[in-house]
Amino acid sequence: MSRAFLLAARRTAVAPRGGVFREVEAHDLAAPVLHACLADAGLAPEAVDHVILGNALSGGGNVARLAALAAGLPDSVPALTLDTQCCSGLDAIMLAARLVESGAARAVLAGGVESWSRAPLRARRPRAPGEEPVFYERPPFAPWPQRDPDLIEAMAMLARAQGIAREAQGTFAVASHAAALAARAALEPEIVPVAGLGRDAFTRALEARLCARAPVLAGEGEFAVDATGVAVEADAAAAVLVVAPEGLPEARRPGIAFLDAASAGAAPEEPAMALVPAARRLMDRHKRAPACVELMESFAAQALANIAALGLDPARVNRGGGALARGHPIGASGAILAVRLFHELGRETPGALGLAAIAAAGGLGSALMLQRV
C-alpha cells in the first residue's frame, strides 16, 4: 500500500445562515476552494482522479460534481457526494486517503460544503389525493421516535447527566471566541475569499455577562443550554488535496501525512459522545498524545464532555477557536476541522501528531489522525 499525504488545505470563511453567503449556491462555495487547493499544490486539474465532498442539505443531486465542473476540472474527473450529516466532510477526506493508500487513486480533492441559506425546503409527499405536502425541518436519525431526541434536548440531557453547568458552558464559549479573535490574522492564509468575505463572520468579543443573559434553548436551572453554547447554522466549504507522493517533484514534497482514521457508532439518543470511541481508537493505536486537536464544538456541553472523556489537554484543543466562534455548516464542518488541523500541525516539529474528531446526529463519530513529516 502507498502512503497518503495532504498537499494543500483551504476553506472559505464561515458565515451565519442568511449572511454574506445567502445568495451563493453550495457548489459556488466549494469551487473556489477546490481551485485554490490545486493552485497551492501546483497540480494541474487533469491530474485529479476524483472529487469527494460531504453535504447534508442540498436535497439530492451531486453537489461534488457541480463544484468540480465549476472549478474547471475536466469532464473526465468523477465526483461523489456523501452524507453522514456532521461527519460528512471528515468522512470524505478519510475515504480519499483510503483510495490513495490502496492505489486506486493518486490525487483526490476531498472535503465538504454546506449552504443553510440556499438549502431547498423539504416536504413529504401527500399519501392520498387532496392532502397537502408536509414540510419538515430534519429527517429522522433513528427509526424509533423515543430514541431520536432533538439535538438541543440531547445536549441538555448530557449537561445534566455529566454535571456541566450553564456557567461552564458559557466560559467555554467565551474562550472559543477569544481564541478565534487572537488567531484571526493566522487564520486568513487558509481562507479563500468568496463574495468579498475573507474572515469568519460570526467571531466576536463574547463576554460572560452576555452568556448569562442569553435565552435558554433547552433544559432548565443550573444545567440549561443557552444560545451562546450552541454553534449557529452556517454556510461554508473546505477541502484538502490528498496525494500519493510518488512522482511529485521534490519542491512539492508534502509536510503532512495521513496517519490513520476511525469511525464509530453510539446510542442514537447520545450523539454527542459518538466521536469518543473513534478518537480513542486512534489514540490507543498510536500511543502518543496529539500535539494539537481540532474537536467539533456543535455545543459547548458536547465539547466539554468529549475533552474530559478523552483526557485531552484543553490548551491543545481548538487553538484557533472552534465552531462556537465560527458556526456549524453541517457537511463542511468536519472538513474545516481537517483544514485547521493541517495548518496547526504545520507549525509543529516533525513527528508531531494531530487529531480531528466530530460526532453526528444518529450516533455517528469520525476521527482522523495526521502527522507532521
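Residues numbered from 1 in each chain as written. Predicted model: local features only at pLDDT ≥ 70, side-chain atom pairs only at ≥ 80, totals over all residues. Heavy atoms only, no water.

## Some remarks on the overall build of the chain
When helices and strands are counted, the chain shows 11 helices and 14 strands. Its C-alpha atoms give the chain a radius of gyration of 20 Å, near enough to 21 Å, the size a compact globule of 373 residues would have. Taking the principal axes of the C-alpha coordinates as reference, the chain spans close to 60 × 60 × 40 Å. Burial status across the chain gives 56% buried among its 373 residues. (Helix = DSSP H or I, 4+ residues; strand = E, 2+ residues; numbered from the N terminus. Rg over C-alpha atoms; globule rule 2.2 N^0.38 Å. Buried < 20%, exposed > 50% of the residue type's maximum accessible area, 1.4 Å probe, protein only.)

## Some points on the nonpolar core
One finds L6, V242, F258, L355, L368 and L370 to be the most contacted residues of the largest nonpolar core, which totals 94 residues. It is helix 11 (residues 330-345) that provides the largest number of residues to this core, a total of 10 residues. Contacts of L368, omitting those with residues within four sequence positions, involve L90, I93, M94, F258, D260, A261, L282, L341, G354, L355 and A356. Counting 41 residues, the second-largest nonpolar core is a separate cluster that includes A36, L38, V48 and A257. (Core = buried A, V, L, I, M, F, W, Y, C linked by side-chain atoms within 4.5 Å. Contact = heavy atoms within 4.5 Å.)

## Considering the environment of A301
Relative to the helices and strands, A301 resides in helix 9 (residues 300-310). Note on A301: relative accessible area 1%, which makes it buried. A301 sits 142 residues away from A159 along the chain, and the two C-alpha atoms are 5.8 Å apart. Those residues in contact with A301 that sit more than four places away from it in its chain are M155, L158, A159, I164 and Q169.

## Observations regarding the packing of aromatic side chains
All chains considered together, the criterion is met by zero aromatic pairs. One Lys or Arg, R124, reaches over the ring of Y136 and ends 4.4 Å from the middle of that ring. (Phe/Tyr/Trp six-rings, centres within 6.5 Å; stacked < 30°, edge-to-face > 60°. Lys NZ or Arg CZ within 6 Å of the ring centre and 35° of its normal.)

## Concerning the pairing of strand 3 (residues 50-54)
Among the five residues that make up strand 3, four are buried, leaving the element largely enclosed by the rest of the structure. Pairing analysis gives five bridges linking strand 3 to strand 5 (residues 107-114), with the strands arranged parallel. Each bridged residue has a counterpart across the sheet, and for I52 the counterpart in strand 5 is A110. As paired elements, strand 3 and strand 4 (residues 79-82) share four bridges and run parallel to each other. Paired with L53 across the bridge in strand 4 is T81. In this fold, strand 3 hands off to helix 2 (residues 63-70), which returns the chain to strand 4; that crossover is right-handed. (Pairing = 2+ DSSP bridges. Right-handed = clockwise from strand over helix to strand, strands pointing away.)

## With respect to the side chain of Q302
Mapped onto the elements of the fold, Q302 is located in helix 9. Residue Q302 is classed as buried on the basis of its relative accessible area of 3%.

## Quick word on helix 9
Counting buried positions along helix 9 yields eight of 11 residues, so the element is predominantly enclosed. Within the span of helix 9, buried status applies to A300, A301, Q302, A303, A305, N306, I307 and L310. Summarising the contacts, the buried residues of helix 9 are in contact with helix 4 (151-162), helix 5 (166-182), helix 8 (275-286), strand 12 (292-295), helix 10 (323-326) and strand 13 (353-360).

## Some points on the packing of helix 1 (residues 26-41) against helix 2
At a closest axis distance of 8 Å, the pairing of helix 1 and helix 2 adopts a crossing angle of 50°. For the element pair helix 1 / helix 2, the angle class is oblique. In this structure, helix 1 crosses over helix 2, and the sense of that crossing is right-handed. Along the contact surface, helix 1 presents A26, H27, A30, A31 and L34, while helix 2 presents V63, L66, A67, A68 and A70. (Axes fitted to C-alpha atoms, helices over the stretch in contact; angles between N-to-C directions. Parallel < 35°, antiparallel > 145°, perpendicular 65-115°, else oblique. Left-handed = near helix turned anticlockwise from the far one by under 90°.)

## What to know about the pattern of salt bridges
For the structure on display, the rule yields 22 salt bridges. For R340, the salt bridge identified is with E294, shortest N-O distance 3.7 Å. Taken together, the positions of R340 in helix 11 and E294 in strand 12 put the pair 46 residues apart, joining distant regions of the chain. Judged by its relative accessible area of 1%, E294 falls in the buried class. One network of salt bridges, with partners in common, ties together R11, E190, D200, E294, R319, R340, E344, R347 and E348. (Salt bridge = Lys/Arg side-chain N within 4 Å of Asp/Glu carboxyl O.)

## Some thoughts on the pairing of strand 14 (residues 364-372)
The element strand 14 is extensively covered by neighbouring structure, given that seven of its nine residues are classed as buried. Of the pairings in the sheet, the one linking strand 11 (residues 256-265) to strand 14 comprises nine bridges and is antiparallel in character. Residue pairing for strand 14: A257 is matched across the bridge by Q371. Pairing geometry for strand 13 and strand 14, over eight bridges, is antiparallel.

## So, helix 1
The end-to-end C-alpha distance of helix 1, which contains 16 residues, comes to 24 Å, matching closely the 22 Å that a straight helix rising 1.5 Å per residue would cover. Among all positions in helix 1, only A26, L29, A30, A31, V33, L34, A36, C37, L38 and A41 are buried. Along its buried surface, helix 1 packs onto strand 1 (5-11), strand 3, helix 2, strand 5 and strand 10 (234-243). Following helix 1 by one or two positions, G42 has its phi on the positive side, about 65°. (Expected span 1.5 Å × (residues − 1).)

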